[in-house]
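# Summary of structural features
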Amino acid sequence: MSTSKTIKSALISVFHKDGLEPIVKKLNELNVTIYSTGGTERFIKDLGINVIPVDEVTSYPSILGGRVKTLHPKVFGGILNRQDNQNDVAELAKFDIPQIDLVIVDLYPFEKTVASGATEQDIVEKIDIGGISLIRAAAKNFKDTCIVSSINQYEDFLTLISKNNGKTSISDRKKFAAKAFNISSHYDTAIFNYFNEDEVVFKASEQTSKVLRYGENPHQKGYFFGNLEAMFHKLHGKELSYNNLLDVDAAANLIQEFKGEAPTFAILKHNNACGFAQRETIKQAYIDALAGDPVSAFGGILIANTKIDAETATEIHSLFCEVVIAPSFSDEALTILKGKKNRIILVQKEVELPKTTVRTCLNGTLVQDKDYITDKLEDLKYVTNNKPTQNELDDLLFASKLCKNTKSNTIILVKNKQLLAGGTGQTSRVDALNQAIEKANSFGFDLNGSVMASDAFFPFPDCVEIADKAGIKSVIQPGGSIKDQLSIDYCNKNNLSMVMTGTRHFKH
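Quick caveat, the model's predicted, so the values are computed rather than measured.

Applying the stated criterion across every chain, the model contains 11 aromatic pairs. An aromatic cluster of three or more residues is present, and its members are Phe110, Tyr187, Tyr194 and Phe195. Lys203 extends its terminal NZ or CZ atom over the ring of Phe192, reaching a point 5.5 Å from the ring centre. The ring of Phe258 is capped by Lys401, whose NZ or CZ atom sits 4.7 Å from the centre of that ring.

Here it is, written out as structure tokens:
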């Protein structure tokens, strides 16, 4: 039996009617018998095209305020029958069930209704029953039935039937079936996640995707699932790569800590800040951020918490950087920054970031709440005789935010709201501190009067001793070690101040 099928009959019942008209007209031109219900039936009649109401087929009206319209054996029998099965064909004839070759059905906009802040009653009414059943039935029987399950498929379907004079191949129908099951599974996931309060179950579905040039390395494939356009307006440059996206993610999370504060600029490389400063102007913040590590800044990701002006853009333009992000850019700044054709320029929009992080692990998935705690003045426990000055307190909290957003083990050194250096991703806290001190010294920074932040407690007093000898005067750390007192005693003996937050900020 040929796998090519000519569409002779169609059931059409859709919520979204934009783009439907040319399909209906083409089906009519091909002498296809059309069945429909409700608003879609009226839409087709208004086009002057003959349409058979479904209730004439079922001899049963739409009931319960439209909740039950197509849920009937004469509808589903016409969709699910196997045309190469003699018993199925005989039963169609026996019960006067019309064959249905094509189903065009979409779903009520459940997710949009939830996002609109609608009442629970309105949300529940947007849980599609008939539509989802028709989609699954037609997709299951793809050998004989074609399913068009979304407005996004209208154009492709119209092109197909126009080109092939109303015929579809089994390959065509199977592709549309796959799209249908993608839509139905996504729909059910959204409904479950809306209702779920107690079940510890991981269900995620993302319809928007982007194929990346490659993954972390050129031999790896890479994809991004999500709507980047909702978060960024891309103004210029090449496509974001897998590694760019990881860095942009780190940058967006870091700058979020400084939202609404004085002009702040960050330069990131491999997900960590290599330069960071807060100043009275964004230009000076950039200059001082760059001074933190002008070597690592090459090829980095730049992000600001306020508008980038022409003066700042002129400074940036002399640096090779992959991405520049800000809430806005002046027209002159854009002209300057667009001088490098591949430089990616992004305007960051106001959007809520996810509240959880997800990553693969072994043969499963790890999910956790994001680290939503930002250390504040009222969280601090003053554990040493010597108390931090106001300037030191400002720097300690500044350093703590940076520390929270840096790979563990980490030590962050700050002075006058400028990142002097960070020890990142080290296997010991001592190594992280020594790395930071060596790096700060290599770029000519004076560590006298600086402060130190640690993402976790000190099990021994070695770190505060090394810090003291380097000129560091104040320390912020979570505390919680059974040997906390050893570090406190050293600080008291050597006139260092130290505060504890009670919150660890590991980042792996």
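With an omega of -15°, the peptide bond between Ser408 and Asn409 qualifies as cis. With respect to the helices and strands, the residue Asn409 is situated in the loop between α15 (390-404) and β19 (411-414). Of note, the phi angle at Asn165 is positive, near 55°, even though the residue is not glycine. Topologically, Asn165 is positioned in the loop between α9 (154-163) and β7 (167-168). Taking relative accessible area as the criterion, Asn165 reaches 57% and is therefore assigned exposed. The phi angle at Asn271 is positive, at roughly 75°, despite the residue not being glycine.

Looking only at helix α12 (residues 282-292), the buried set comprises Ile282, Ala285, Tyr286, Asp288, Ala289 and Gly292. In this fold, the buried residues of α12 make contact with β11 (264-269), β12 (272-278), β13 (300-304), α13 (310-317) and β20 (419-423).

Let us now look at the sheet that holds strand β23 (residues 497-500). Strand pairing in a sheet relies on backbone hydrogen bonds. The paired strands run either parallel or antiparallel. Sheet architecture is open: six strands sit in the order β18-β23-β22-β21-β19-β20, paired in mixed fashion. Of all strands in the sheet, those bounded by a partner on one side alone are β18 (381-382) and β20. Sheet topology note: the strand β21 (residues 451-454)/strand β22 (residues 474-477) ladder contains three bridges and is parallel. Bridging across to β22, Val451 finds its partner in Ser474. Its contacts with the sheet place α15 against β18, β19, β20, β21, β22 and β23, and it is angled at close to 35° to β21.

Taken as a whole and judged by the stated rule, the model has zero disulfides. There is no disulfide at Cys274, and the cysteine sulfur nearest it, in Cys321, is 11 Å away. Here Cys274 falls in the buried class, since its relative accessible area comes to 7%. Cys463 carries a free sulfur, and the closest cysteine sulfur to it, the one in Cys491, is 11 Å from it.

The six strands lie next to each other as β10-β15-β14-β13-β11-β12, forming an open sheet whose pairing is mixed. Every other strand in the sheet has two partners, leaving β10 (232-236) and β12 as the edge strands with one partner each. Taken pair by pair, the neighbouring strands of this sheet meet at an average axis angle of 20°, ignoring direction. Two strands pair when backbone bridges link them, and β13 and strand β14 (residues 321-326) are joined in this way by four bridges, in the parallel orientation. Within the sheet, the bridge partner assigned to Ile301 lies in β14 and is Val323.

Below, the discussion takes up the environment of Ala333. Structurally, Ala333 is set in helix α14 (residues 331-337). Residue classification places Ala333 among the buried residues on the basis of a relative accessible area of 0%. In sequence terms Ala333 and Lys307 are 26 residues apart; their C-alpha atoms lie 9.7 Å from each other.

Further remarks concern a nonpolar patch on the surface. The grouping of Phe202, Val358 and Val367 at the surface amounts to a nonpolar patch, some 260 Å² of accessible area in total. Looking at the element boundaries, Phe202 is found in the loop between α10 (170-195) and β8 (209-211). In this structure Phe202 comes out as partly exposed when scored by relative accessible area, which is 45%.

Moving on to the pattern of salt bridges. Under the defined criterion, the tally for this structure stands at 16 salt bridges. Of the charged contacts, one joins Glu29 and Lys26 as a salt bridge, the two residues approaching to 3.1 Å between their closest N and O atoms. One end of the pair, Glu29, and the other, Lys26, are both in helix α1 (residues 21-29), three residues apart, so they sit about a helical turn from each other. Among the ionic pairs, Lys238 bridges to Glu322, the shortest N-O distance being 3.3 Å. Linking Lys238 in the loop between β10 and α11 (242-256) with Glu322 in strand β14, this pair joins segments that are 84 residues apart in sequence.

What counts and what doesn't
- Residues numbered from 1 in each chain as written.
- Predicted model: local features only at pLDDT ≥ 70, side-chain atom pairs only at ≥ 80, totals over all residues.
- Heavy atoms only, no water.
- Phe/Tyr/Trp six-rings, centres within 6.5 Å; stacked < 30°, edge-to-face > 60°.
- Lys NZ or Arg CZ within 6 Å of the ring centre and 35° of its normal.
- Helix = DSSP H or I, 4+ residues; strand = E, 2+ residues; numbered from the N terminus.
- Buried < 20%, exposed > 50% of the residue type's maximum accessible area, 1.4 Å probe, protein only.
- Contact = heavy atoms within 4.5 Å.
- Pairing = 2+ DSSP bridges.
- Axes fitted to C-alpha atoms, helices over the stretch in contact; angles between N-to-C directions.
- Disulfide = S-S within 2.5 Å.
- Patch = residues over 30% accessible without salt bridge, like charges linked within 9 Å, V, L, I, M, F, W, Y side chains within 5 Å.
- Areas by Shrake-Rupley, 256 points an atom, 1.4 Å probe, with all protein chains shown as cover.
- Salt bridge = Lys/Arg side-chain N within 4 Å of Asp/Glu carboxyl O.

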